[in-house]
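# Structural features, examined
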Amino acid sequence: MEENINKRREATAADRPILKNKIYLYMTEFFAGMSVMAVELGASRLLAPYFSSSQIVWTIIIGTIMIAMALGNIYGGRKVDKNPNPDRLYGRIIFAAIWIALIPVVGKYIILGISGLLVFTISTNFLVIAAFAACMVIFVFPLFLLGTVTPSLVKYTVDSLDDSGKVVGMLNASNTIGSIIGTFVPTFISIPAVGTSVTFLIFAGILLLLAIIYFAKSHVFVKKVPAAIILFILCCIFGHSGSFAFWQKHLAVEDESIYNYLQVKETEQEVVLSTNVLFGVQSVYRKEKELTGMYYDYAMAAPYMADIYEKERPLDVLILGMGTGTYATQCRRFFGEMNIEGVEIDQKITDLARTMFALPEDVPVATYDGRAYLNALSSGHWKKDSEFGTEDGMYDVIMVDAYQDITIPFQMSTVEFFTMVKEHLRSDGVMVVNMNMRGIDTENREEAKITDYLADTIASVFPEVVTVDVRNTTNRELFAGEAGFLTRFRNNVGKEKDQELSAMMGQVEKGFVTYTGGDHIMTDDRAPVELLGMQVIDEMIREEVRYYKRIYDEEGLDGLLNAL
């Protein structure tokens, strides 16, 4: 057996002298591992603007990639045993490189095409099925090809059975180290600096360069490499600046951060931020200093509940999930002086808040996770003389607005989290929570929804809870505190000078529903927010599809195209 291995080794080395250099083979393994992880992270960013970045989407990405790699390992091992010609391996690497380079060019069209097809054909689990189908079509094949690298390289690097363990260990170490670097570089360097599209192109270029070096002195160079280089250049030209929302015109900003896709639209009346191509608006700034017409207006009931007009000092307000500061800006506009501080995990959103959404400079924003910030307050991390935190670590109003688009962070939806919020509220303080996924069929109580779970969880912590549905949206505002805040609300309403705000508070009061808690309690150990959120998404999609199906039935394809 060892003699046969040596013969095959000598034959392939004679054809390709570069194979005598084990460092090159280890580098091939290194960059293959790096590229797999980079593509995986790029996949999450490519899908997030359309399907969110929830744990469900991550599970789909990891699962499909593991399937591709496993199949690639099996296929590569069998093929290299039958035909140990290394040209085949590096030919597959070229193919994988070009496929990855094409993702920025055609990936978003494939995602929308699959979504458009499935939205009219399935009624449940749309998010799972559409994301899985998109992953299978876009990512499985190139990663299947990269999965053939390791078993093939074992064939070319093992000289004898005496050192086979050492060589295989070095190959695996090279792959692992490459995977580690491929995890950190896209997240902290390439995606924030140059975006997802260019990140795909960078790693596709690395793979292509590996193959070019291999074929450099080969008679097959002219057959395989020039065409691949031309295709790669075309991908760089047409794929480096692709827009996720390519149908949108005149966007003020389209960018990516470590955490989010960012899209800003600006008109003469307002500036709007969206962090998801398909699902809703996250922040809005009215240039005429008027009400937003969104949940922020409803949330301004909280200062009344905290007895704003009976206090001889400004209210202390903490906003967990600051976004671009719409709530802070509106509170300052309508209530005057307030001590407001915010927590926002995405620094790029905070930068946009300062430059495009008129967030006052004297409103400090900590770049932190909301729950981690409360932990820091409890441990005294923020010093009394810093711009963050009150002297006693307590607040009159705490707004929780971290349930972004269709993604709800589980760590900010549990009993433990809301208990921490309560510990930082003064005795007459109020928590307001924006629950943005109440769904369409709000009267159907047969199956508990995400808002029911959140409200039950909160009601297990706070003595008094009231909710109000935001008109013409899927948002529901929840207010919680010690008993008596509704009385304070009614005592303070009418003392404001702004008629528009007064009318809005009257509308909010009419919608108040006192909430009686149930037994759907979420804890740090069990908080199935992804599955619950997916149920609401299915509801929303069914409602939208029902509308377009009716148009198609009544007006045909022309009517449907006009409606779209």
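The structure under discussion appears in the preceding block.
Residues numbered from 1 in each chain as written. Predicted model: local features only at pLDDT ≥ 70, side-chain atom pairs only at ≥ 80, totals over all residues. Heavy atoms only, no water.

## Some points on the environment of Ile-177
- Within the fold, Ile-177 resides in helix 8 (residues 164-194).
- Look at Ile-177 and you get partly exposed, because its relative accessible area is 46%.
- Along the chain, Ile-177 and Phe-30 lie 147 residues apart, while their C-alpha atoms are 6.8 Å from each other. (Helix = DSSP H or I, 4+ residues; strand = E, 2+ residues; numbered from the N terminus. Buried < 20%, exposed > 50% of the residue type's maximum accessible area, 1.4 Å probe, protein only.)

## Let's talk about the pattern of salt bridges
- For the coordinates displayed, the defined rule picks out 16 salt bridges.
- Here Lys-155 ties to Asp-81 by a salt bridge, and the two come within 2.7 Å at their closest N and O atoms. Remark: Asp-81 occurs in helix 3 (residues 55-82) and Lys-155 occurs in helix 7 (residues 149-157); sequence separation between them is 74 residues.
- Across the pair Lys-422 and Glu-482 runs a salt bridge whose closest N-O atoms are separated by 4.0 Å. Of this pair, Lys-422 sits in helix 16 (residues 415-423) while Glu-482 sits in the loop between strand 11 (476-481) and helix 18 (485-492), placing them 60 residues apart in sequence.
- Judged by relative accessible area, Lys-422 falls into the partly exposed class, the value being 31%.
- Overall, the relative accessible area of 33% leaves Glu-482 in the partly exposed class.
- Here the salt bridges share partners, and the residues they tie into one network are Arg-313, Asp-316, Asp-392, Asp-396 and Arg-426. (Salt bridge = Lys/Arg side-chain N within 4 Å of Asp/Glu carboxyl O.)

## Quick notes on the environment of Ala-70
- Residue placement: Ala-70 occurs in helix 3.
- For Ala-70, a relative accessible area of 39% puts it in the partly exposed group.

## Considerations on the nonpolar core
- Within the largest apolar cluster, 72 residues are counted, with the highest numbers of intra-cluster contacts made by Leu-47, Phe-51, Tyr-90, Ile-111, Phe-139, Leu-143 and Leu-153.
- Ranked by size, the runner-up nonpolar core spans 46 residues in total, among them Ile-308, Ile-319, Phe-334 and Phe-335. (Core = buried A, V, L, I, M, F, W, Y, C linked by side-chain atoms within 4.5 Å.)

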